[in-house]
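# Architecture and fold: a report
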Amino acid sequence: MNPAARRVQRIYLVLMLGNTLAASLIWGINTLFLLDAGLTNFEAFAANAFFTAGMVLFEVPTGVVADTVGRKASYLLGTVTLAVTTALYWMLWVWHAPFVWWAIVSVLLGLGFTFFSGAVEAWLVDALTSVGFTGSLEAVFGRGLVVTGVAMFTGSVLGGVIAQLTNLGVPFVLRAAVLVVMFVIAALVMKDLGFTPDRSEGPIKATRTVLRASVEYGLKKRSVRYMILAAPFASGVGIYAFYALQPYLLELYGDTTAYGIAGLAAAILSLAQVAGGVLAPRVRTLFRRRTTVVISASVGSVLALIALGLNQMFWLALLLLVLWGFVFAVVGPVRQAYLNGMIPSKQRATVLSFDSLFGSAGGVVIQPALGRAADLWGYGTSLVIGGVIELAALPFLFASRAQHDPSDTAVALTDADPGAAPESGADATA
């Protein structure tokens, strides 16, 4: 890694640190916050579903911003939007507002996150390529996972403790403040390297172009298509499980007001994420193909969720939580590297956002459905159902593997040619 690549990596890590710190201040208490505002389980997870619906609705238009205005502009718009909507969330909690207002603001929160999805990752890969980096993307994404894990641990613990000492609203106020700071930092240090925004089209025509590119380089390329089609099941269940574990662990603990315990759950996940980020490049070297890691992790996630749902002991639940978080952390950098290796630079942000859109679409349907299951049969049963739903991702993962894309066996950024990936072939060994 040359000096220019190190600088790009440092900026990426700072952005990930700030984003995750801001977000994680409320991760450990978000569901408790919604329930404290007077919402039922179904309404709380329906609010989360409206958030993911916002991500689905705005994913393509904000992808246009990233591809036609710039990755930096997209990031800055994201920080501003999230800061404002987070403040609005706090106001709804103060007023005990009707559910309809939670739904509206949740959609706008989704808008804020879509400015981030795909843009920062595409910025990183394009910038590294432009400065001559030829190393392993798993290693860079793994470092990012370590940094976000540390930030998540810090934010989750702080959020839980602050909520315990003050009230459930204060972490949301702090989150908005951190996002304002990140806006200033990004404005000073981010530059779009290795990418020239295409401003030759108007917004409507550009949106059509983005949709065509999403189909052409996403759904029409079989190896990418099947990974995208697997996303709704893994992401939808993962989002629900993360937030459902907050009240579920308090239920197992025996004290529904121990907000620090809820923060502990998110903190444990963050430590597992750090470990997974450190080990992801090493795990990758154990297998010839990236899809072997992705498929194995998917099976491990299913088993961990079912075990969590069937378990009745608090401390065993914490151990299973570590296992589930570790599996997710290991597979993240490998899946990222696999997808990036199959997408040309110019369409990278677009297709990555399209992948995120499909993951969010799964959350729109799965979260309220599993929230209703929790109302009827309890959190444990809803987690078991979630594990069964996630099994549906496996056929798509195996189908992507069967395409034998060069990115599946690539070990460095330059090993795969996204523009000339084969679409079929016989399976090979791990």
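Basis of the calculations
- Residues numbered from 1 in each chain as written.
- Predicted model: local features only at pLDDT ≥ 70, side-chain atom pairs only at ≥ 80, totals over all residues.
- Heavy atoms only, no water.
- Helix = DSSP H or I, 4+ residues; strand = E, 2+ residues; numbered from the N terminus.
- Rg over C-alpha atoms; globule rule 2.2 N^0.38 Å.
- Buried < 20%, exposed > 50% of the residue type's maximum accessible area, 1.4 Å probe, protein only.
- Contact = heavy atoms within 4.5 Å.
- Expected span 1.5 Å × (residues − 1).
- Arc of directions from axis to C-beta.
- Patch = residues over 30% accessible without salt bridge, like charges linked within 9 Å, V, L, I, M, F, W, Y side chains within 5 Å.
- Areas by Shrake-Rupley, 256 points an atom, 1.4 Å probe, with all protein chains shown as cover.
- Salt bridge = Lys/Arg side-chain N within 4 Å of Asp/Glu carboxyl O.
- Lys, Arg positive; Asp, Glu negative; His and termini not counted.
- Charge placed at Lys NZ, Arg CZ, Asp CG, Glu CD.
- Axes fitted to C-alpha atoms, helices over the stretch in contact; angles between N-to-C directions.
- Left-handed = near helix turned anticlockwise from the far one by under 90°.
- Nonpolar A, V, L, I, M, F, W, Y, C, P; charged D, E, K, R; others polar.

## Describing the overall build of the chain
Looking only at helices and strands, one finds 16 helices and 0 strands in the chain. Relative to a compact globule of 430 residues, whose C-alpha radius of gyration would be 22 Å, the chain shows 20 Å and is just as compact. Along the first, second and third principal axes, the C-alpha set of the chain runs to 55 × 45 × 40 Å. Each of the 430 residues in the chain was classed as buried or not, and the buried ones make up 57%.

## Remarks on the environment of A73
With respect to the element layout, A73 can be found in helix 4 (residues 71-95). On a C-alpha basis, the gap between A73 and A186 in space is 9.5 Å, while along the polypeptide they are 113 residues apart.

## Structural notes on the side chain of N48
As for its position among the elements, N48 is in helix 3 (residues 41-68). The class for N48 is buried, based on a relative accessible area of 6%. Filtering out sequence-adjacent residues up to four positions away, N48 remains in contact with N30, L34, Y243 and Q367.

## Considering helix 15 (residues 379-390)
Compared with an ideal rise of 1.5 Å per residue, which puts 12 residues at 16 Å, helix 15 spans 16 Å between its outermost C-alpha atoms and is within 8% of the ideal. Among all positions of helix 15, only Y379, G380, S382, L383, G386, G387 and E390 are buried. Relative to the axis of helix 15, the buried residues are bounded by an arc of 160° and lie together on one face.

## Quick word on a positive patch on the surface
Judged by side-chain charge, R6, R7, R10, R143 and K191 come together as a positively charged surface patch. Element by element, the count of residues in the positive patch is highest for helix 1 (residues 3-27), at 3 residues. Mapping K191 onto the fold places it in the loop between helix 8 (170-189) and helix 9 (203-219). With relative accessibility at 56%, the residue K191 sits in the exposed group.

## Focus: a nonpolar patch on the surface
Taken together, the side chains of V80, V84, L88, F183, V184 and L188 make up a nonpolar region of the molecular surface, amounting to roughly 510 Å² of accessible area. At the level of secondary structure, the elements contributing two or more residues to the nonpolar patch comprise helix 4 and helix 8. Residue class for V80 comes out partly exposed when judged on its relative accessible area of 40%.

## So, helix 6 (residues 119-130)
Taking 1.5 Å of rise per residue, the 12 residues of helix 6 would be expected to cover 16 Å, and the 16 Å separating its terminal C-alpha atoms lies within 8% of that figure. Of all 12 residues making up helix 6, 10 are buried, and the element is well covered by its neighbours. Buried residues of helix 6: A119, V120, E121, A122, W123, L124, V125, D126, A127 and L128, and no others. Count one or two residues on from helix 6 and you reach G132, which has phi positive near 85°.

## Focus: the environment of P232
Considering the arrangement of structural elements, one finds P232 in helix 10 (residues 222-253). Linking P232 and L323, residues 91 residues apart in sequence, is a C-alpha distance of 22 Å.

## Description of unusual backbone geometry
Look at H96: it is not a glycine, yet its phi comes out positive at around 50°. Mapped onto the fold, H96 is located in the loop between helix 4 and helix 5 (99-114). What makes H96 partly exposed here is its relative accessible area of 47%. In the Ramachandran plot, H404 falls in the positive-phi region, its phi being about 55° despite a non-glycine side chain. With respect to the element layout, H404 can be found in the segment after helix 16 (394-401).

## Some points on the packing of helix 3 against helix 10
Their axes nearest at 11 Å, the elements helix 3 and helix 10 cross at an angle of 140°. The handedness of the crossing between helix 3 and helix 10 comes out as right-handed. Residues F45, N48 and T52 of helix 3 lie in contact with helix 10, whose contacting residues are I239, Y240, Y243 and A244. Residue composition of the contact of helix 3 with helix 10, by class: 5 nonpolar, 2 polar and no charged.

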